[in-house]
Every structure is written in structure tokens, then in C-alpha cells.
Amino acid sequence: DAGVIQSPRHEVTEMGQEVTLRCKPISGHDYLFWYRQTMMRGLELLIYFNNNVPIDDSGMPEDRFSAKMPNASFSTLKIQPSEPRDSAVYFCASSYGRGKGGELFFGEGSRLTVL
Amino acid sequence: AQSVTQPDIHITVSEGASLELRCNYSYGATPYLFWYVQSPGQGLQLLLKYFSGDTLVQGIKGFEAEFKRSQSSFNLRKPSVHWSDAAEYFCAVVPMGAQKLVFGQGTRLTINP
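Summary of the structure given here. Only a predicted model underlies this, so the values are computations on that prediction, with no experimental measurement involved.

Here we come to the side chain of A:His29. All names here are of chain A. By the secondary structure assignment, His29 is in the loop between β3 (19–24) and β4 (31–38). Residue His29 is classed as buried on the basis of its relative accessible area of 16%. Looking at His29, its side chain comes within polar contact range of the main-chain nitrogen of Ser95, at 3.3 Å. Sequence-distant contacts of His29, that is, excluding residues within four places in its chain, are made with Ser94, Ser95, Tyr96 and Phe105.

The next thing to look at is the nonpolar core. Residue and element names in this part refer to chain B. By size, the foremost hydrophobic cluster in this structure holds 27 residues, and its most contacted members are Leu19, Trp35, Leu47, Leu48, Phe74, Leu76 and Tyr89. Elements with a minimum of two residues in this core: β2 (10–14), β3 (19–21), β5 (32–38), β6 (44–50), β8 (64–68), β9 (73–78), β10 (87–94) and β12 (107–112). No other element matches the four residues that β10 contributes to this core. Residue contacts for Tyr89: discarding those within four places in its chain leaves Gln6, Leu21, Trp35, Tyr36, Val37, Leu47, Phe63, Leu76, Gly106, Thr107 and Leu109.

About the criteria used
- Throughout this description, residue numbers start from 1 for each chain and increase along the sequence as written.
- In the order they appear in the text, chains get letters beginning with A and ligands get numbers beginning with 1.
- Under the rules for a predicted model, residues below a pLDDT of 70 receive no local features and side-chain atom pairs below 80 are neither given nor counted, while totals for whole chains, interfaces and linings still include all residues.
- Water and hydrogen atoms were dropped before computing side-chain values, which therefore reflect all heavy atoms in the structure.
- Segments assigned H or I by DSSP are reported as helices when at least four residues long, segments assigned E as strands when at least two residues long, and all are numbered from the N terminus.
- Summary of the burial criterion: residues with accessible area below 20% of their type's maximum are buried, those above 50% are exposed, and those between are partly exposed, where the area comes from a 1.4 Å probe applied to protein chains only.
- Side-chain atoms alone can form a polar contact between residues adjacent in sequence; in general such a contact is a pair of N or O atoms within 3.5 Å, and within protein one must be able to donate a hydrogen while the other accepts it.
- Throughout, a residue-residue contact means that at least one pair of heavy atoms, one from each residue, lies within 4.5 Å.
- Buried Ala, Val, Leu, Ile, Met, Phe, Trp, Tyr and Cys residues that are joined via side-chain atoms within 4.5 Å together make up what is termed a nonpolar core.

The structure is reproduced here in C-alpha cells:
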């Protein structure tokens, strides 16, 4: 079975450009999470959805970041405009049930470099 | 402040040696506890989890972890490490009443041949 699929795997862009990261969760999973990983801050939860509805976006750093989940099989994380400090690996994860009951399955991540 | 702490940033052990990675949490009530592993360039994979019951839990790849309420700890162990165990290990918690998985800073494990 396919796992969580993220694209692109690598993205290099210039400051000010729009970046869109994509995620396809595992079929049947009802929770979707976006995490950001940096050396300085470790793994940070940005936002999570339940049944396509955003539940908690308190981790989204600022208005430049937005996330959507138009249907159960697709989510996007958009950064507009991008800044060098946004450089990180962005992970999408999905689960059946909440984190405490459902194991999170992670994608391989999207490595973003903003020049 | 509520947190999950992994005191060791980097650990090096010899192949075949035993391993213990430390994890401490500071929450009022015992949270749900997890260990994840991240191989280079990969996402995270669940090794094991503790919700309640037996305080010694077995996971995949020969790992186990012991929950000690008195010490607010959930240390990960393996009796004999293999070169393929080199990776980053993350302790994580879901605090009671919360819905978010909170990760520690991670411990990078290096294996000497």
C-alpha cells in the first residue's frame, strides 16, 4: 500500500516567491498533520485537520503560511511570500484516529531552501 | 513548563553494545508516550507506544521502552545495536486532554563498527 506521498521532495526558490507543498495522505485516514523540522527548533506541528477541517493552526508561524485540505486525499501548505528563514523540511503525516490512539504515518518530507 | 526532554543530543555506541536513550516529560498527568525513529532523508517511523498497563513495552526492530511514573521517564533500550540502527530517535507525547503529538528534540545515534 502507498504511504503518505509528498511533493516536491526538494524545492529551491528565491525569497519572495510562492511555494506550494503537496500531500496525499493514506487512504482511509481521517487526520492529517503538517510538521516543520529545523535544526534549531526540531519538529514543530504547524496545523492539523480532522475530516478535512482545520482543527488547530496555532503552530502556523504567520500569515504567510496557509494550509488547505479540499478533500480527503489531498492537502497543500502554501508559503507566500517565502523567506530564507522558512528553509526547513516539511513533513506531512496522517493517522486514523487522533495522535494518542492512532499511529502517525509520515511522508518522506519536502526539503525547502529559500535563497 | 510542559515539555518533553531528551537530554542527549548525540550518542555513539559500538555495534553489538547495549543502548539506552533517555526521555523525560513534565506534564501534570501521565501523557501518552511514543518513540519514533528517523533514518537520514526519511520520514519518521513509530517504534513503540505506551498508553497504560504493563510499563515495559516492546516495539519493532528489537527495541523496548520502560515507563517509570516516579521518574517521569520513558527510556528506550536495545540489548545489542546493529549498524542499521544509526538514525535520529524522537520521544513524543500526547498530553492528556490534548490532541497534538509533541516531539522532543531528538537524539542522534551513531554506531561504531
